[in-house]
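If you want the building blocks of each chain, they are given just below.
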Amino acid sequence: MMRRSVSHRLPRAMVILAAVAVTASACGIEGTKNSKVGAPEPGETITYWSMWEENEPQATVIKEAITAFTKETAIQVKVEWQGRKVLQKLTPALRSGDVPDLVDQDGNSVRGAMVANGQHHDLSAVMSAQVPGEGKTVAEVGPGRYRDLITDSAGKPFLVPYEALGYGIFYNGAKHPELAAASPATWDDFIAMLDGRKAKVALDGDIGSYAALWTVHALGAELGAGKVRELAADKTGGAWSGPQVRPALERIEKLAKGGYFAPGSFGSKFPAMQEKWAAGQADFLLMGSWAPSETQKSAPQDFQYRALPFPGMSAVQAAVIGFAVPKRAAHPAAAERFIASFMKKERMQGLATVALNITTRPDIPAPEQLADIARQLTNKPVTPFYEGLDTLGTYPIEVFEPVHTEFLSGKITAAEFVTRLGEKQAEFWKKNS
Amino acid sequence: MAVLIREHTTVHRGQGPTITRQRRRAFLILALPAVILYTIFFVGPTLASFWVSLHAWDGVTEMRWRGLDNFTLLFEDEVFLAAFRNTLAILLAGGLLVFMLSFALLLGMRAMAGRRFARSVVFFPNIIAPIVLSVLWGFLFSTDGLVNAALGGVGLDAPNWLGDHLFLVIFLGLIWTNTGFYVTILMAATDRIPRYFYEAAELDGAGPLQQFRHITMPLSWDVVSTAAVIWTISSLKVFDFIYAFGGTSNDLPPIHTWNTAVFIYGQTFGGRVPAYSFGYASASAVITLVSVIVFVLLLRRVMRRDPIQF
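Residues numbered from 1 in each chain as written. Chains lettered and ligands numbered in written order. Predicted model: local features only at pLDDT ≥ 70, side-chain atom pairs only at ≥ 80, totals over all residues. Heavy atoms only, no water.

- An unreviewed UniProt entry lists chain B under the name Carbohydrate ABC transporter membrane protein 1 (CUT1 family), from Nonomuraea fuscirosea.
- Database annotation for chain B, UniProt heading Sequence similarities (unreviewed entry): "Belongs to the binding-protein-dependent transport system permease family."
- The heading Subcellular location (unreviewed entry) in the UniProt record of chain B holds the text "Cell membrane". (UniProt positions renumbered as here; feature names shortened; annotations may be inferred.)

- Where an unreviewed UniProt entry is consulted, chain A appears under the name Carbohydrate ABC transporter substrate-binding protein (CUT1 family), with the organism given as Nonomuraea fuscirosea.

### Side note on the overall build of chain B
And step 1. The helix and strand inventory of chain B stands at 13 helices and 4 strands.
And step 2. In terms of its C-alpha atoms, chain B occupies a principal-axis envelope of roughly 75 × 65 × 30 Å.
And step 3. Here chain B, with 310 residues, has 45% of them falling under the buried criterion.
And step 4. Considering only intrachain contacts with a sequence separation of at least 6, the fraction spanning at least 24 residues in chain B is 66%.
And step 5. Accessible area of chain B: about 16,600 Å², with a carbon and sulfur share of 68%. (Helix = DSSP H or I, 4+ residues; strand = E, 2+ residues; numbered from the N terminus. Buried < 20%, exposed > 50% of the residue type's maximum accessible area, 1.4 Å probe, protein only. Contact = heavy atoms within 4.5 Å. Areas by Shrake-Rupley, 256 points an atom, 1.4 Å probe, with all protein chains shown as cover.)

### Topic: the packing of helix 8 (residues 208-223) of chain A against helix 10 (residues 246-257) of chain A
When two helices pack together, you describe them by how their axes are tilted relative to each other and by the distance separating the axes.
Residues and elements named next belong to chain A.
And step 1. Two elements in contact, helix 8 and helix 10, have axes separated by 9 Å at closest approach and are oriented at 145°. Both helix 8 and helix 10 take part in a crossing whose hand is right-handed. Along the contact surface, helix 8 presents Trp-214, Thr-215, Ala-218, Leu-219 and Glu-222, while helix 10 presents Pro-247, Ala-248, Leu-249, Arg-251, Ile-252 and Leu-255. (Axes fitted to C-alpha atoms, helices over the stretch in contact; angles between N-to-C directions. Left-handed = near helix turned anticlockwise from the far one by under 90°.)

### Digging into the interface of chain B and chain A
Bring the parts together and some accessible area is lost; that lost area is often taken as the interface size.
And step 1. Taken together, the 59 residues of chain B in the interface contact 44 residues of chain A.
And step 2. When chain B packs against chain A, the two sides together hide about 4,200 Å² of surface, and 64% of this comes from carbon and sulfur.
And step 3. Of all residues in chain B, Val-60, Arg-272 and Val-273 of chain B bury the most surface against chain A, accounting for 16% of the area lost on that side.
And step 4. Where chain B packs against chain A, one counts 3 salt bridges.
And step 5. Ionic pairing is found between Asp-77 of chain B and Lys-431 of chain A, a salt bridge with its closest N-O pair at 2.7 Å.
And step 6. Taken together, the connections running from chain B to chain A amount to 11 residue pairs in polar contact (both at pLDDT 80 or more).
And step 7. Going through the elements one at a time, helix 1 (17-52), helix 2 (69-76), helix 3 (78-110), helix 5 (130-141), helix 7 (161-164), helix 11 (240-246), helix 12 (260-267) and helix 13 (278-302) of chain B are the ones with two or more residues in the side of chain B that touches chain A.
And step 8. Per element, the largest residue contribution to the side of chain B that touches chain A is 8 residues, and it comes from helix 1 of chain B. (Buried area = accessible area lost by both parts, 1.4 Å probe. Salt bridge = Lys/Arg side-chain N within 4 Å of Asp/Glu carboxyl O. Polar contact = N/O pair within 3.5 Å; in protein donor to acceptor, adjacent residues only side chain to side chain.)

### Section: the UniProt feature "domain: ABC transmembrane type-1" (unreviewed entry) in chain B
And step 1. In the UniProt entry, the feature "domain: ABC transmembrane type-1" (unreviewed entry) is given for residues 84-299 of chain B.
And step 2. Annotated as residues 84-299 of chain B, this span is 75% helix and 0% strand, and its ends, taken at the C-alpha atoms, are 19 Å apart.

What follows is the structure, encoded as structure tokens:
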């Protein structure tokens, strides 16, 4: 399995690594001086490994953009529809040097697979390049807004995002029409609203990261951007005992023990609960903007997808999907040109109209069922999905989620959560130091 | 009781040196492609993983030497130790249950009418994709599923199977899917035992259990011991079943359900943002491999008997 796939190249490893070390450093120096950057040759062919499957609507939109790009520039784009595991397939290629010129995936995944090991290309030039025919730069038409989610430790962008994913508390607007005008502003308002309506919250609690959304959002709302990740990165685990953490955990403890979660939330298999929510057996679902597309088959005809912002949160958790260029790509300039061309409004429009996603251009209206999420993404500061905990290796699955699911399902108290999490976290960082 | 003839090992000697040489040459020529392929795709990577296990490596940049640190950490890593315990539970408790059930079904089905049909029914779970089973069992074992409805119907407490006992459900699923496979293998072995042994035993007054002990077991022992080795190796490699039950295309199953195979995946390519810890994962793979070798050797030794020819 892994043992075989990663290591069958090993007999050549030493030679390759030595060669890579020499050529990589040479490329690194050349990268900034490369006369080809910004001036690709017509007739060049770039290789693009896509995260989409060929039968997905996003692929249809990208194919049309490629056809138009090739017609304009005479640069060919060879696409391999790799699917969601594209970066896992890229990892061995990064070592061998036979890399594509262009890949796409969500920002955190690219950070883990390419940025953590320094295999990404600085995309500053694309961000400041003109979008053909629009008189604005790529950053200005929208992607620049997500800068905090797409920059490396040196502050350079490693991704040019074309899709944005936001989180919200989804509900059926037809069932709760008055919420659109009067969404609960604070946590207390939110709980009062649940009590008033005797409303239930659906959760597929078998997915640890879905359960964690509640507590991580509550902590993010209480502490502000970036602070939850600092708690998780504390090597002693003691940071969770701080007084500033307590109010958010007490709120979640009341939610957990108050019977607000719909029956089965911690005893069924994904996607049972979100299906029940869509079928009207629960009222609210804290989820990412893919919720409508995943649940619409179970929802009645008159279901109106609406989403509340997380109460008390001044920012919105977001993730982005976009293009990245491997450091050792053979045709980085042509790949950059393709990215800039894809950012044209006419090219990206299909992502909203055909693929029903939110694009990173605020001037492209979001699909109706995602309008509330899109409004949040436009009006509020963005903070990384999961507050960036998913960039801490196996921390979420090994440390946070097991303890947290016990907490959210009401098996342990907030104080026990803090103690157990602290202990597990200290062990984890000792192991990973 | 019929007399069983013990096979004697026959050493063929006295053949001419030319024939021996030709045979040896033919053997080498015929075996060479397999040996080369096996070396490239199995032995080489296995040795390489021993080497990688002594390093910290993200799969892309240069490896950093860690000596035996990965192994020391693994033996202190609660997640790995829990995964290893689960692996042993599947191997030992699961194996015991699978073989006990297989023998029980064998006894029950030996003389029954329509045994071929029954064998197909028992084998059926083995050919269903784990993902299909996981969906089906998700419905069966959810808090408002059929199992709890049935338990509630007879006045019993309904446990939260998927929330509190997920590994048990996975464990039972593994037993259920695998038993049919071993019943089929063992039945094929017992089908070749001549009926007159059983007829003679019956005349001598032996009951079904005595027949099983004195005829079925000794005459199918070589197949039983091979089946035990197959179980040992396959149980250590269980992966898709656990993953389908507890995870999604993006999310790993909860850690309390992991075995060492899922642990290896979790340390490399698994999860929303994979860890790419190839050195650490290789160390756990090495421990798993060594465990397989030790268990197979022990099993072969414990189950060694002289084969019986009949």
